[in-house]
Amino acid sequence: MSARDLLLGVDFGSGGCKVTLIDTAGHLAGESSVEYRTWYEHPGWAEQEPGDWYEAMCAALARVRASGVDFGRIAALAFDGSTHNAVLLDGAMKPLRRTIMWTDQRSTAECAELEAEYGERIYATAYQHPTPTWTLPQLRWLSKHEPEVLRRTRHILFVKDYVRYLVTGVAVTDHIEAQGTLFYDMKKRAWSEELAALAGISVEVLPQLVNPVDRVGEVTAEAAGRTGIPAGTPVICGSSDSAAEDYGAGAIEPGDAIVKLATAGNVNVMTSEAHPHPQTLTYSHIVPGMWYTVSATNAAAVCQRWFRDLFCEVEKIQAEKLGIKSFELMDRLAEASPAGANGIFFHPYLQGERCPYWDSSLRGSFIGLGMGSSRGDMLRALLEGVAFSLRDCRRLIDELELPMKRIFLIGGGARSRIWSEIVCNVMNVPVELPSPGDASFGTALLAGTGVGIYPDCRSAVRACLAISRRIEPDPALSAKYAERFETYRAVHDALAPIYRGMK
């Protein structure tokens, strides 16, 4: 019988599934990731097929097994996922439609209605104002445009919870995930019947609430056949990807902060109490009693993926031949362009924008192109533009006067040396890169805590997390980027009214 000394974290991000296996000291035993498709069938829409998440997980797990990892050693597993995304299920627990994703912007009109009629009540109860990110306005849109779907809905789960249901047969969610819906009463720590009614649903269709480290079931025989994980393996609930990655990056004390370069981008600061603000997001932390404030941009690393798929077919072919990722070759092109990208600016509003503008009409742009501009200049501008967008997010944190004592840089984009250095210089603060420090790592630690391998959540991080690199800002580059950031903001201010007037 194999020793049960491995912990599995399964992360469902906005663009793909990543699985991470660690031993109880935090050492990596295996990892893999598989992308899944997002449908953009109408301007501003973003949907995913729920079945794709499970298939991506199974494919990622198969790759790890093929590398020689013995799944008989798995002591427990847990899940995390992008939040706000409702999986609408019939009485047989079958999805009724594709899931509307948090980047979807179709519910702008519903948000305006909710804000005008119920905005203060929603904010007082859920600590957030309605924007297209949240589940409530998404379902309110469905109640108008696809009412039959809501009439047939008997259960609602969320991304990680739906896949975990397929693995265990148990349908629950955690309190932090629930906070991403606008159906949750922050003070009562319960579903709000009043807010659910605004979406045309009853709280009876919403799942039972548990804590992130609660044991919620075990791997069924059927799921064992698909995943290779032995039947009976304990399954811990987990939480949202944002909560898991903040926790897994080591941000476990008030004043710790993370800057995230993933599909989307975040600037999050940890606090000892809630600090609701109309332009930020407010969530409770994995560590009981703590909170975190989120200032978030809709598009970060997804911009690089978008550019790759449109303009970098040559690099994709070369990378496949070399056995490397195409992003490495794209970084080489960007490195050939100087700081400032020879005068080009990029605004990453490919799906509208959240913080600090909350403007779904914004669109992406390259500004300053000339006959001498190269793809390398455009790639450099893209990396800088995302960094500027994150700096824009930080302005809200600064205005709230929330201390940022220590900054961790996380996400797939943080693996890029040039992008990490650009972010450090744009922010003009030292940053630390945790290892592994991503959501799936944090979720693996939740699995270990849930079965008692670690006495509590903080102890798990302290026992397992390492810092792989520390970057100091270059004063000259930081000064240059400070000037360019003001131009970046001026371009936004000039274009925003034009975008709002476009049909």
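Residues numbered from 1 in each chain as written. Predicted model: local features only at pLDDT ≥ 70, side-chain atom pairs only at ≥ 80, totals over all residues. Heavy atoms only, no water.

### A short note on the overall build of the protein
Turning to step 1, where the next piece is worked out: Secondary structure summary: the protein contains 17 helices and 23 strands in total.
Turning to step 2, where the next piece is worked out: Radius of gyration (C-alpha) of the protein: 22 Å, near the 23 Å computed for a compact globule of 503 residues.
Turning to step 3, where the next piece is worked out: When the backbone C-alpha atoms are referred to their principal axes, the protein occupies close to 60 × 55 × 45 Å.
Turning to step 4, where the next piece is worked out: Across the 503 residues in the protein, those meeting the buried criterion constitute 61%.
Turning to step 5, where the next piece is worked out: Of all intrachain contacts in the protein linking residues separated by at least 6 positions in sequence, the fraction that spans at least 24 positions is 72%.
Turning to step 6, where the next piece is worked out: Accessible surface, the protein: about 18800 Å² in total, of which carbon and sulfur atoms supply 51%.
Turning to step 7, where the next piece is worked out: For the protein, the distance from the average site of its 50 positive side-chain charges to the average site of its 61 negative ones is 2 Å. (Helix = DSSP H or I, 4+ residues; strand = E, 2+ residues; numbered from the N terminus. Rg over C-alpha atoms; globule rule 2.2 N^0.38 Å. Buried < 20%, exposed > 50% of the residue type's maximum accessible area, 1.4 Å probe, protein only. Contact = heavy atoms within 4.5 Å. Areas by Shrake-Rupley, 256 points an atom, 1.4 Å probe, with all protein chains shown as cover. Lys, Arg positive; Asp, Glu negative; His and termini not counted. Charge placed at Lys NZ, Arg CZ, Asp CG, Glu CD.)

### So, the packing of aromatic side chains
Turning to step 1, where the next piece is worked out: Evaluated as defined, the whole model comprises 18 aromatic pairs.
Turning to step 2, where the next piece is worked out: Ring geometry for Trp53 and Tyr162: centres 6.4 Å apart, planes at 75 degrees, overall edge-to-face. Linking Trp53 in helix α1 (residues 50-66) with Tyr162 in helix α5 (residues 159-168), this pair joins segments that are 109 residues apart in sequence.
Turning to step 3, where the next piece is worked out: Taken together, the ring pairs connect Trp306, Phe307, Phe311, Phe346 and Phe366 into an aromatic cluster.
Turning to step 4, where the next piece is worked out: Sitting over the face of the ring of Trp45, Arg106 holds its NZ or CZ atom 3.6 Å from the ring centroid. (Phe/Tyr/Trp six-rings, centres within 6.5 Å; stacked < 30°, edge-to-face > 60°. Lys NZ or Arg CZ within 6 Å of the ring centre and 35° of its normal.)

### A few points about the pairing of strand β2 (residues 16-23)
Turning to step 1, where the next piece is worked out: Burial within β2 is extensive, with 7 of its 8 residues counted as buried.
Turning to step 2, where the next piece is worked out: As defined by bridge partners, strand β1 (residues 6-12) adjoins β2 across 7 bridges and the pair is classed as antiparallel. Note that in β2 the partner of Leu7 across the bridge is Ile22.
Turning to step 3, where the next piece is worked out: In this structure, the hairpin formed by β1 and β2 is closed by a connection of 3 residues.
Turning to step 4, where the next piece is worked out: As paired elements, β2 and strand β3 (residues 28-35) share 7 bridges and run antiparallel to each other. (Pairing = 2+ DSSP bridges.)

### A short note on the nonpolar core
Turning to step 1, where the next piece is worked out: One finds Leu139, Ile156, Phe183, Ile201, Tyr247 and Leu445 to be the most contacted residues of the largest nonpolar core, which totals 63 residues.
Turning to step 2, where the next piece is worked out: Those residues in contact with Leu445 that lie beyond four places of it in its chain are Ile22, Tyr247, Tyr454, Ala460, Val461 and Cys464.
Turning to step 3, where the next piece is worked out: Listed in part, the 55 residues of the second largest apolar core include Ala299, Ala334, Met378 and Val423. (Core = buried A, V, L, I, M, F, W, Y, C linked by side-chain atoms within 4.5 Å.)

### With respect to empty space enclosed by the protein
Turning to step 1, where the next piece is worked out: Going through the model one piece at a time under the given rule, you end up with 1 cavity of 30 Å³ or more.
Turning to step 2, where the next piece is worked out: The space that makes up the largest cavity amounts to roughly 60 Å³.
Turning to step 3, where the next piece is worked out: Residue lining of the largest cavity: Ala86, Val87, Leu88, Arg97, Arg98, Thr99, Ile100, Gln138, Leu139 and Leu142, and that is the complete set.
Turning to step 4, where the next piece is worked out: Breaking the lining of the largest cavity down by element, the ones donating at least two residues are β6 (86-89), β7 (99-100) and α3 (135-145). (1 Å grid on protein atoms, 1.4 Å probe; cavity = no way out; pocket = protein on both sides within 12 Å on 5 of 7 lines; lining within 4 Å. Points joined across faces, edges and corners; volume = space filled by probe spheres on them.)

### Structural notes on the side chain of Gln128
Turning to step 1, where the next piece is worked out: Looking at the element boundaries, Gln128 is found in the loop between α2 (108-126) and α3.
Turning to step 2, where the next piece is worked out: On the basis of relative accessibility, which here comes to 0%, the residue Gln128 falls in the buried class.
Turning to step 3, where the next piece is worked out: A distance of 2.7 Å separates a polar side-chain atom of Gln128 from the backbone oxygen of Thr282.
Turning to step 4, where the next piece is worked out: In contact with Gln128, other than residues within four places in its own chain, are Ile122, Tyr123, Trp134, Leu182, Met186, Thr280, Leu281 and Thr282. (Polar contact = N/O pair within 3.5 Å; in protein donor to acceptor, adjacent residues only side chain to side chain.)

### Considerations on the sheet that holds β3
Turning to step 1, where the next piece is worked out: What the 6 strands build is an open sheet, ordered β3-β2-β1-β5-β14-β13; its pairing is mixed. Each having just a single partner strand, β3 and β13 (215-218) make up the two edges of the open sheet. Sheet twist, expressed as the mean angle between neighbouring strand axes with direction ignored, is 20 degrees.
Turning to step 2, where the next piece is worked out: Set on the sheet, α1 makes contact with β1, β2, β3 and β5 (74-81); between it and β3 the angle comes to about 140 degrees. (Axes fitted to C-alpha atoms, helices over the stretch in contact; angles between N-to-C directions.)

### Concerning helix α12 (residues 326-335)
Turning to step 1, where the next piece is worked out: All of the buried residues along α12 are Ser326, Leu329, Met330, Asp331 and Ala334.
Turning to step 2, where the next piece is worked out: For α12, the secondary structure elements touched by its buried residues are α10 (301-311), α11 (313-322), α13 (375-399) and α14 (417-427).

### What about the environment of Glu113?
Turning to step 1, where the next piece is worked out: Secondary-structure assignment places Glu113 in helix α2.
Turning to step 2, where the next piece is worked out: Measuring from C-alpha to C-alpha, the distance between Glu113 and Thr173 comes to 28 Å, with 60 residues separating the pair along the chain.
Turning to step 3, where the next piece is worked out: In this view, Glu113 contacts Tyr118, Arg140 and Lys144; residues no more than four positions away in its chain are not counted.

### Thoughts on the packing of α13 against helix α17 (residues 475-501)
Turning to step 1, where the next piece is worked out: At a closest axis distance of 10 Å, the pairing of α13 and α17 adopts a crossing angle of 80 degrees. As judged from the angle between their axes, α13 and α17 are roughly perpendicular. Contacts between α13 and α17 involve Arg380, Glu384, Gly385, Phe388, Ser389, Arg391, Asp392 and Arg395 from the former and Tyr481, Arg484, Phe485, Tyr488 and Arg489 from the latter.
Turning to step 2, where the next piece is worked out: Among the residues forming the contact of α13 with α17, the class breakdown is 4 nonpolar, 2 polar and 7 charged. (Parallel < 35°, antiparallel > 145°, perpendicular 65-115°, else oblique. Nonpolar A, V, L, I, M, F, W, Y, C, P; charged D, E, K, R; others polar.)

### Description of the environment of Gly413
Turning to step 1, where the next piece is worked out: Structurally, Gly413 can be placed in the loop between β21 (406-410) and α14.
Turning to step 2, where the next piece is worked out: On a C-alpha basis, the gap between Gly413 and Gln304 in space is 9.0 Å, while along the polypeptide they are 109 residues apart.

### A few points about the pairing of strand β17 (residues 281-284)
Turning to step 1, where the next piece is worked out: Where burial is concerned, the two faces of β17 agree: the one with Leu281 and Tyr283 and the one with Thr282 and Ser284 are both buried.
Turning to step 2, where the next piece is worked out: Pairing analysis gives 4 bridges linking β17 to strand β18 (residues 291-297), with the strands arranged antiparallel. By the bridge assignment for β18, Ser284 is matched with Trp291.
Turning to step 3, where the next piece is worked out: Between β17 and β18, which follow one another and run antiparallel, lie 6 residues, and Gly289 among them has a positive phi close to 95 degrees.

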